Amino acid sequence: MASADKPINTDVPEKDVFALHFLQSLSNLRRQNAFNSPDDTTNNRVKKIKKAAYVSMARAAGGTNRLWSRALLRRAAKENNKVVIFSRRKKRVTWLRRSNRRDPVDAERLRNLLPGGGAMETSKLMEETAHYIKCLSMQVKVMQCLVDGLSAK
């Protein structure tokens, strides 16, 4: 748990950092002609854009600083058949869930929703979830700005 002298850090990355990463990812997809192949369906395009948005959000959040961002980057690399190895933290024991303790059902549901949330202690789970929600809302705001800017033309 967080003590009074050590506040919980749930800083959200800057919108422009995410926007830059996201636009670079979309530009790379376009340069690779990922949207122009004849066998590419709308569903595949949506998956590629969604993956670009999540990877951009994870990179903007500091990449390996958060458990959920490491999980998203690892999942994206796995889909590309790449192996990604992140350095282990020295204080790993502090956030591992204790197996002999029963957590409420709500915490288990939250663990299933949060990328990389399966092995977290409840306090760390709440901290990571707060940060993840803030990043998701930032992602929605940036994407809404992009849509508004492109549809005004």
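Here, every reference points to the structure presented above.
All values derive from a computational prediction rather than experimental measurement.

Next up on the list: the packing of helix H3 (residues 67-79) against helix H5 (residues 122-151). For the pair H3 and H5, the least separation of the axes is 9 Å and the interaxial angle reads 65 degrees. In this structure, H3 contributes Leu-67, Trp-68 and Leu-72 to the contact, and H5 contributes Lys-124, Glu-128, His-131, Tyr-132 and Cys-135. Residues that form the contact of H3 with H5 fall into these classes: five nonpolar, one polar and two charged.

It is worth spelling out the pattern of salt bridges at this point. Overall, the coordinates contain five salt bridges when judged by the stated rule. For Lys-124, the salt bridge identified is with Glu-128, shortest N-O distance 3.5 Å. Taken together, the positions of Lys-124 and Glu-128, both in helix H5 and four residues apart, correspond to about one turn of that helix. Just as Lys-124 is buried, Glu-128 falls in that class too.

Bringing the layout of surface pockets into the picture now. Estimated volume of the second largest pocket: approximately 360 Å³. Lining the second largest pocket are Ser-25, Asn-28, Leu-29, Gln-32, Lys-48, Lys-51, Ala-52, Val-55, Arg-59, Leu-73, Ala-76 and Asn-80. Residue assignment for the lining of the second largest pocket shows that the elements contributing at least two residues are helix H1 (15-31), helix H2 (42-60) and H3. Among the elements that line the lining of the second largest pocket, the one with the most residues is H2, at five residues. Looking at the lining of the second largest pocket, its residues break down into five nonpolar, four polar and three charged.

This part takes up the nonpolar core. By size, the foremost hydrophobic cluster in this structure holds 25 residues, and its most contacted members are Phe-18, Met-57, Trp-68, Leu-72, Leu-114, Leu-125 and Tyr-132. Apart from residues lying up to four places away in sequence, Met-57 is in contact with Phe-18, Trp-68, Leu-72, Tyr-132, Cys-135, Leu-136 and Gln-139.

Between its terminal C-alpha atoms H2 stretches 27 Å, which fits the 27 Å expected from 19 residues at 1.5 Å a residue. The elements touched by buried residues of H2 are H1, H3 and H5. Of the residues trailing H2, Gly-62 is marked for its positive phi of about 110 degrees.

Let us now look at the side chain of Ser-56. By the secondary structure assignment, Ser-56 is in helix H2. Within the structure, Ser-56 has its side chain in polar contact with the backbone nitrogen of Phe-22 (distance 3.3 Å). There is a polar contact of 2.6 Å between the side chain of Ser-56 and the backbone oxygen of Ala-52. With residues near it in sequence (within four places) discarded, Ser-56 still touches Phe-18, His-21, Phe-22 and Ser-25.

Conventions we followed
- Residues numbered from 1 in each chain as written.
- Predicted model: local features only at pLDDT ≥ 70, side-chain atom pairs only at ≥ 80, totals over all residues.
- Heavy atoms only, no water.
- Axes fitted to C-alpha atoms, helices over the stretch in contact; angles between N-to-C directions.
- Helix = DSSP H or I, 4+ residues; strand = E, 2+ residues; numbered from the N terminus.
- Contact = heavy atoms within 4.5 Å.
- Nonpolar A, V, L, I, M, F, W, Y, C, P; charged D, E, K, R; others polar.
- Salt bridge = Lys/Arg side-chain N within 4 Å of Asp/Glu carboxyl O.
- Buried < 20%, exposed > 50% of the residue type's maximum accessible area, 1.4 Å probe, protein only.
- 1 Å grid on protein atoms, 1.4 Å probe; cavity = no way out; pocket = protein on both sides within 12 Å on 5 of 7 lines; lining within 4 Å.
- Points joined across faces, edges and corners; volume = space filled by probe spheres on them.
- Core = buried A, V, L, I, M, F, W, Y, C linked by side-chain atoms within 4.5 Å.
- Expected span 1.5 Å × (residues − 1).
- Polar contact = N/O pair within 3.5 Å; in protein donor to acceptor, adjacent residues only side chain to side chain.

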